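A closer look at the structure
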Amino acid sequence: MEFRLLGTVSVDTRTGPLPLGPAKRRSLLAALLLSANTPVPVARLTDSLWGEEPPPRARGVIQGHVSRLRALLTGAEAQAYGVELVTLGDAYVLRVPETLLDYQRFEELLMLARQQRSAADTVRMLDDALSLWQGPALGGTFTEGPLQAAAHTLEESRLATVEELARAYADLGEHHRAASVLRAEAVAHPMRESLAAALILALYRAGRQSEALDWFHRTRRLLADELGIDPGHELADAYALILRGGPRPGAAPAGGTDAAGASRAGTGPVEGAGTAAPPGPRGPAAHNPSVATHPTDLLPRAPRGFHGRNAELAALTRAAAGEAPVCLVTGPAGVGKTSLALQWAHHNPGVFPDGRLFADLRGFSETGEPALIDVLREFLLALGVAPRRVPESVSAAAALFRSLTDRRRLLVVLDNARDSATVRALLPGGTDCVTLVTSRNRLEGLIASDAARPVPLGILGPQDGTALLAGVLGEERILAEPVAARRLAELCGGLPLALRVTAARLAGRPQWTLAGLADELADERGRLTFLDVDDTGVSAALRLTVQQLPADAVRQLARLGHHPGGHFDPYTCAALAGTDPAAAAAALERLGSAHLVTETAPGRWVLHDLVRLYARGLDPASGAEALVDVLDHYIATALAAADTAEPGGEPCFVLPEGYRPAAVRDFADRAAAMHWLATERDDLARAAVAARGAGLHDRAWRIILLQWPQVVWRVRDSWAPLLELALDSARAKQDLYAESRVLNLLGWVLTEEGRTAEALTLLERSPGLAQQAGDRLGEATALINLAVVQAGQGELDRALEGCGRAVVLAREEEDRHTEMLALQHLARLQLSAHRPGDALGSARTALALGPEHEEAARRSLLLAVSGEARLALGEEDEGILLLDRAAEEAERAGYDEGAVRALEALLRVSARAEYRTRHALALRRLTDGG
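A few points on the structure.

Conventions and cut-offs
- Residues numbered from 1 in each chain as written.
- Predicted model: local features only at pLDDT ≥ 70, side-chain atom pairs only at ≥ 80, totals over all residues.
- Heavy atoms only, no water.
- Helix = DSSP H or I, 4+ residues; strand = E, 2+ residues; numbered from the N terminus.
- Buried < 20%, exposed > 50% of the residue type's maximum accessible area, 1.4 Å probe, protein only.
- Areas by Shrake-Rupley, 256 points an atom, 1.4 Å probe, with all protein chains shown as cover.
- Patch = residues over 30% accessible without salt bridge, like charges linked within 9 Å, V, L, I, M, F, W, Y side chains within 5 Å.
- Salt bridge = Lys/Arg side-chain N within 4 Å of Asp/Glu carboxyl O.
- Polar contact = N/O pair within 3.5 Å; in protein donor to acceptor, adjacent residues only side chain to side chain.
- Contact = heavy atoms within 4.5 Å.
- Axes fitted to C-alpha atoms, helices over the stretch in contact; angles between N-to-C directions.
- Parallel < 35°, antiparallel > 145°, perpendicular 65-115°, else oblique.
- Left-handed = near helix turned anticlockwise from the far one by under 90°.
- Nonpolar A, V, L, I, M, F, W, Y, C, P; charged D, E, K, R; others polar.
- Core = buried A, V, L, I, M, F, W, Y, C linked by side-chain atoms within 4.5 Å.
- Phe/Tyr/Trp six-rings, centres within 6.5 Å; stacked < 30°, edge-to-face > 60°.
- Lys NZ or Arg CZ within 6 Å of the ring centre and 35° of its normal.
- Pairing = 2+ DSSP bridges.

A look at the overall build of the chain
A tally of regular secondary structure across the chain gives 44 helices and 17 strands. Residue burial in the chain is summarised as follows: out of 930 residues, 54% are buried. Accessible surface for the chain amounts to roughly 39,300 Å². Of this, 51% is attributable to carbon and sulfur atoms.

Here it is as structure tokens:
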């Protein structure tokens, strides 16, 4: 199995390509593949498929396409290849090994090519990489918005690879072949100056000087006519080389000032990182006698055992391609920011012929930050300034530093910066200088003032994490226990610092097994202890970050450690910390700026597992109180969501003893409430499990039962295990009301799953329990659900009797919502019992109870029953009219199941083409989503 994006988007299997269908589905697949193994929110998918004007049913269309893709992948036995399309809350993730992605193999071949010492080997690997391209990237999709940007990025990578191939041919002396490779691309991309410059040099070195000059003048005229600009450095330097009659065979030395050197240093990629920083005809400031004329290098050694980070290295290279760029690597403690910066800085030193400076600003160190004048003095001395000429004030030293770097091509690495102001004082003055900053804070001030280009650094994936372990322990030890190695990488949360500490422990103890240490780390109580060794460890790194925070942010972090779910919003955080949502949102922003929490969607945050364990230890005594607070918050919010989604619906209940209310979000409409219930489903389940584990059974069953609108809406979505947990909690509290309500909902779920015998056993107990609890509306609902099962078992008389009793109970309680529900089912049962007159009467009574704004699905069902009853009474015209109204209401509300049911009844008595067309469309929407 292979997934292709480098050409027409396709999935190749042993039996041929999968029939992906329409362009929207290919676009959806492309969006998921471009973020493979990462959750992609529905909002981003909507943007990828429609841009700024999505249709009203965009979410439903996406769900339909996802369902079809799942079916295609299942039919192709994708799971055997480790491929799985998973729903995670309000997002989808396509889990797929990187080896099955053509664009990942393309990047891997590029990395390997750049590591070869032989130009011939480089040529072979670059040829293999380019052979993966079958046409323009993301073919067959709607390349607008994000997909258009992705296609452009991929195309840029391909063109850069063509340029690399030409340079490799040039290294072999095969300049004719280099010109041949470049000419086709230069024709297709006539205003790409790097291509034109490379082609001009290749033609010149191949002895085709006239062609080279013609191509230069052609490009110069095109740039002037189309863009109104003169040739840039590369084109101008290539032209100057030809006019000077510079050397033809071979390339100039790296970092030289001729065109060949400029081209190779400026357009060539930093090894393993895509396109390099732009060139500039700069050299040492020889006019200043106090400045050295040889490049300086203050970089620490390159990191050992560096693995992965290809995307981030490429992003750094892209960020470094602007004018006087400031590249900002940000991320949490221990994620490997310094290693990434040094890895990038050490590759292809010819890009910075005037030197590389480095300073550890110790922004998160217990020893404190160095004085700015000390850092500037070190930089100035390295640049050759005599000690006696170094100014004493920061402002004067910074001005001299900017002046000396004005005409240089220099790299300045500022590691561990705490704030933007410190960095600004150390920025070089030259437009060809690159500044690389690392920080645990986002440094948004630097982005605003100096257009710093952020390169956020996240955790390592399992494959790269395992490779990091192998780099320390050796491949043999990893291959001996591959499953345990992957488990260790996951337990370390993909955090490089944690992985290195783990590897250090194992390296010093060859008798230990990887599985044994994994078992130790699996115990959360001691995990952080195992991830500390000597003076290095996760706890120490996090402590240095936390000590920079204000007290309110530290308190918020400590309480978040006790949150049972995976995600949280300002309302949840406010409940945990005993504040208001505005204060909680401000604290989250501070924590997010320090990379202690991560915002995955607007207002939705997550906490890394190791940070969560550390946070829990900040205030362990508050755990029980925090859990109760967040459980009560979930109860309050779920109550609000249920009331908004189903106003007047059931269940309602007395709040638990000791209930502590907190600020609750408002839900504008049913869609917003249902969206919250769907998005928070996993966290609500975790909260219920945590409540049961803490003996808070009265909270556990309430949190589960309050999800009933979502259970009803998505009844076949594996709710039984959660409801069984609620049943256990209800019984643990000996709460007959709760037990009856849960049995009722669980029985109905089991009925819809086809587990009728189990459902009947549960539902037969529910009415009696409700009666004992004095819950008459619960008894009515239980009788309705029991009647549905009894009718399916052929016990129609018992079903009619139970439904009739439910109508009476609801009427006596003056609950119109439940009475309508009972009458709807009673009418359907009466129709099944060949009593159309009674069915029509029940449906009429129900419709008279509900106002015009009553739920469209129920009105559609009642109208459909009424229409079928009219048909059974021989009143065909009236029956057709009612069924048509039922179908229209269902169609307007997006209730496709009701539309299909009404139209099927119509087609049994009418052959009108309109009904057949509408039925086909509704059925297609129901089964395919679009």
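Re a nonpolar patch on the surface
Nonpolar side chains collect at one region of the surface, where Met191, Leu227 and Ile229 lie side by side and expose about 250 Å² of accessible area between them. Locating Met191 in the fold gives a position in the loop between α7 (175–188) and α8 (193–205).

Looking at the pattern of salt bridges
Pairs can form between side chains of opposite charge whenever their charged atoms are close. What the rule picks out here adds up to 51 salt bridges. A salt bridge links Glu758 to Arg755, with the shortest nitrogen-to-oxygen separation between them at 3.0 Å. With a relative accessible area of 41%, Glu758 lands in the partly exposed category. Residues Arg859 and Glu889 are paired through a salt bridge, measuring 3.3 Å at the closest nitrogen-oxygen approach. Within this pair, whereas Arg859 is found in helix α41 (residues 856–872), its partner Glu889 is found in helix α42 (residues 876–893), the two being separated by 30 residues in sequence. Overall, Arg859 belongs to the buried group, its relative accessible area being 8%. In this structure Glu889 comes out as buried when scored by relative accessible area, which is 14%. Overlapping salt bridges bring together Asp884, Glu891, Arg912, Glu914 and Arg918 as one network.

With respect to the environment of Val86
Examined against the element boundaries, Val86 turns out to sit in strand β5 (residues 84–88). Each C-alpha atom, one on Val86 and one on Asn37, is 9.8 Å from the other, the two residues being 49 residues apart in sequence.

Thoughts on the side chain of Arg559
Relative to the helices and strands, Arg559 is located in helix α25 (residues 551–560). One polar contact links the side chain of Arg559 to the main-chain carbonyl oxygen of Leu576, over a distance of 2.6 Å. Apart from residues no more than four positions distant in its own chain, Arg559 is found in contact with Leu576, Ala577, Asp619, Ser622, Glu625, Ala626 and Asp629.

Description of the packing of α7 against α8
Contact geometry for α7 and α8: axes closest at 8 Å, N-to-C directions at 150°. Taken together, the axes of α7 and α8 lie roughly antiparallel to each other. In this structure, the crossing between α7 and α8 has a hand that is left-handed. Side by side, α7 and α8 meet where His175, Ala178, Ala179, Leu182, Arg183, Glu185 and Ala186 of the first sit next to Leu195, Ala198, Leu199, Ala202, Leu203 and Arg205 of the second. Here the residues of the contact of α7 with α8 sort into nine nonpolar, one polar and three charged.

Brief notes about the nonpolar core
Soluble globular proteins: nonpolar side chains tend toward being buried together. Formed by 81 residues in total, the largest nonpolar core has its most connected members in Phe3, Ile62, Val83 and Leu138. Residues Tyr614, Trp701, Ile703 and Leu745 belong to the second largest nonpolar core, which totals 73 residues.

Description of unusual backbone geometry
One non-glycine residue, Ala451, lies in positive phi territory at about 55°. Along the chain, Ala451 falls in the loop between α17 (444–450) and β12 (453–456). Of note in the backbone geometry, Glu814 takes a positive phi value of approximately 55° without being a glycine. If you trace the backbone, Glu814 turns up in the loop between α38 (796–812) and α39 (816–832).

Some details on the packing of aromatic side chains
This model, assessed by the stated rule, comprises five aromatic pairs. Residues Phe379 and Phe401 carry aromatic rings whose centres are separated by 5.5 Å and whose planes lie at 35° to one another, so their mutual orientation is tilted. Of this pair, Phe379 sits in helix α14 (residues 372–382) while Phe401 sits in helix α15 (residues 394–404), and the two are 22 residues apart along the sequence. The class for Phe401 is buried, based on a relative accessible area of 0%. With a centroid separation of 6.3 Å and an interplanar angle of 55°, the aromatic rings of Trp701 and Tyr737 are classed as tilted. Here Tyr737 lies in helix α35 (residues 736–752) and Trp701 lies in helix α32 (residues 697–705), a separation of 36 residues in the sequence. In this structure, Trp701 and Tyr737 share a single accessibility class: buried. Lying over the aromatic face of Trp719, Arg681 brings its terminal NZ or CZ to 3.7 Å of the ring centre. Sitting over the face of the ring of Tyr915, Arg912 holds its NZ or CZ atom 4.7 Å from the ring centroid.

As for the environment of Val434
With respect to the helices and strands, Val434 occurs in strand β11 (residues 434–439). According to the relative accessible area criterion, Val434 is buried, its value standing at 1%. Sequence-wise, Val434 and Arg409 are 25 residues apart; in three dimensions their C-alpha atoms are separated by 7.8 Å.

Here we look at the pairing of strand β2 (residues 10–13)
For a regular strand, side-chain orientation follows a simple rule: the groups alternate between the two sheet faces. Here strand β1 (residues 2–4) pairs with β2 via three bridges, running antiparallel. Across the sheet, residue Arg4 finds its bridge partner in β2, namely Ser10. Both β2 and strand β3 (residues 16–17) contribute to a ladder of two bridges, which runs antiparallel. Each bridged residue has a counterpart across the sheet, and for Thr13 the counterpart in β3 is Gly16. Here β2 folds back onto β3, and the loop between the two strands holds two residues.

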